[in-house]
Amino acid sequence: MKKIDITSNIKPKKNTDLNILTSGAFAAPLFEILKSYKKNKTIKLFFGSSFGNAKNSVPTRLEQKQVFDIIFLSADAYDQFKKKKLIKLYTKVDVVDSEIGFVVKKNNKVIYNYNPFQFVQLIKQSKKIAIAASASGIYLKQKIFPKLKVNNYHVIKGKRIASVIAEDKTFDLGFQQYSELLPYENKVNLVGTLPTQLKKRFIFSLIYQMQNKKISKIDQFLSFLKTKKVSSIIKKKGLTPLI
């Protein structure tokens, strides 16, 4: 499988390979899944967030009429794209359930027992908060932060939130899907997920077109996704399998 830079704006070309586009929340488990997939040499992998106007985001790629055989994205994004008629005649399969996690500096020993009061105190004490320009950031920006009267947040595009917290001295708190923070647990303090009272269920799905000429390859890959081996990989990456 050819490695493609996660920040690139490479466009898919017509070929006999499976062109797969994935959003960040499923990127880490998908890497591991493809390592175990015997036919991974016939797969080209592309990246883009489910929301936003970044040059490689899923909506931007769809607006540019880029064609993919399988797209992994937020179920909420799928619903929006369908209403806007950015996608037509796609079959949707729910793949994983995800939660928002948060990180602080590595040396910051935060006391957190999933208590809402502790969570609010942590936010109020933070000087500069980093949030993702995707599903998790949109939820925080629209639903959580207004209620808490928090405005010292910054939407980060094109970077992993955990890397920003680890490398940028000005940021001291960051939010993103837990699975996207997990790969950086040695560089930051991965505190946990949102309190139960503030949680939102984020479902990530895959979509594909039944009339695709590569449908046999798509079916083979979907069958592999339903195996116990893949389920185990998904759980290790901080997600709950639904497929």
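See the structure shown above.
Keep in mind it's a predicted model, so treat the numbers as computed, not measured.

Student: Kindly report on the packing of aromatic side chains, identifying the contributing residues and their values.
Tutor: Taken as a whole, this structure holds 13 aromatic pairs when the rule is applied. Taking the centre distance of 5.2 Å and the plane angle of 75° together, the rings of Tyr37 and Phe221 count as edge-to-face. Of this pair, Tyr37 sits in the loop between helix 1 (24-36) and strand 2 (43-47) while Phe221 sits in helix 8 (residues 215-225), placing them 184 residues apart in sequence. When the centroid spacing of 5.0 Å and the interplanar angle of 40° are considered together, the rings of Tyr37 and Phe224 count as tilted. Here Phe224 lies in helix 8 and Tyr37 lies in the loop between helix 1 and strand 2, a separation of 187 residues in the sequence. Like Tyr37, the residue Phe224 is buried in the burial classification. Aromatic ring contacts, followed pair by pair, group Phe102, Tyr112, Tyr114, Phe119, Phe145, Tyr153 and Phe175 into a single cluster. Its guanidinium or amino end placed over the ring of Phe171, Lys128 lies 4.5 Å from that ring's centre, counting from NZ or CZ. The ring of Phe202 has Lys200 lying over it, and the distance from NZ or CZ to the ring centre is 5.2 Å.

Student: So what's going on with the pairing of strand 10 (residues 202-208)? Residues and values would help.
Tutor: Of all 7 residues in strand 10, 6 are buried; the element is thus mostly enclosed. Note that strand 4 (residues 91-98) and strand 10 share 7 bridges and pair antiparallel. In the strand pairing of strand 10, Val93 is matched with Leu206.

Student: Could you give an account of the sheet that holds strand 2, naming the residues involved and the relevant values?
Tutor: Within the open sheet, the 6 strands sit side by side as 2-1-3-10-4-11. Their pairing is mixed. This sheet does not close on itself; its edge strands, each paired only once, are strand 2 and strand 11 (240-241). Note: strand 1 (residues 18-22) against strand 2, 5 bridges, orientation parallel. Note that in strand 2 the partner of Leu21 across the bridge is Phe46. Strands in contact with helix 3 (residues 75-83) are strand 3 (70-74), strand 4 and strand 10; relative to strand 3, the strand with the most contacts, it is inclined by about 105°.

Student: Which residues make up unusual backbone geometry, and what are the values?
Tutor: Positive phi is not limited to glycine here, since Lys85 has a value of about 60°. Position of Lys85 relative to the elements: it lies in the loop between helix 3 and strand 4. Lys85 gets classed as exposed once you look at its relative accessible area, which sits at 61%. The backbone of Leu89 sits at a positive phi, close to 60°, despite the residue not being glycine. As for its position among the elements, Leu89 is in the loop between helix 3 and strand 4.

Student: Quick rundown of the environment of Leu45? Include the residues and the values.
Tutor: Mapped onto the elements, Leu45 comes out in strand 2. Residues Leu45 and Lys169 lie 124 residues apart in sequence; the distance between their C-alpha atoms is 33 Å.

Student: Explain empty space enclosed by the protein to me, and be specific about the residues and the numbers.
Tutor: Overall, the coordinates contain 1 cavity of 30 Å³ or more when judged by the stated rule. There is about 40 Å³ of room inside the largest cavity. Surrounding the largest cavity, Glu99, Ile100, Leu194, Lys199, Lys200 and Phe202 form its lining. Classifying every residue of the lining of the largest cavity by side-chain character gives 3 nonpolar, no polar and 3 charged.

Student: An account of the environment of Gly174 is requested, with residue identities and associated values reported.
Tutor: Within the element layout of this structure, Gly174 appears in strand 8 (residues 173-177). Taking relative accessible area as the criterion, Gly174 reaches 0% and is therefore assigned buried. With 13 residues separating them along the chain, Gly174 and Ile161 place their C-alpha atoms 5.9 Å apart. What Gly174 contacts, discounting residues up to four positions off in sequence, is Gly101, Phe102, Val103, Ala130, Ile161 and Ile165.

What counts, and at which threshold
Residues numbered from 1 in each chain as written. Predicted model: local features only at pLDDT ≥ 70, side-chain atom pairs only at ≥ 80, totals over all residues. Heavy atoms only, no water. Phe/Tyr/Trp six-rings, centres within 6.5 Å; stacked < 30°, edge-to-face > 60°. Helix = DSSP H or I, 4+ residues; strand = E, 2+ residues; numbered from the N terminus. Buried < 20%, exposed > 50% of the residue type's maximum accessible area, 1.4 Å probe, protein only. Lys NZ or Arg CZ within 6 Å of the ring centre and 35° of its normal. Pairing = 2+ DSSP bridges. Contact = heavy atoms within 4.5 Å. Axes fitted to C-alpha atoms, helices over the stretch in contact; angles between N-to-C directions. 1 Å grid on protein atoms, 1.4 Å probe; cavity = no way out; pocket = protein on both sides within 12 Å on 5 of 7 lines; lining within 4 Å. Points joined across faces, edges and corners; volume = space filled by probe spheres on them. Nonpolar A, V, L, I, M, F, W, Y, C, P; charged D, E, K, R; others polar.

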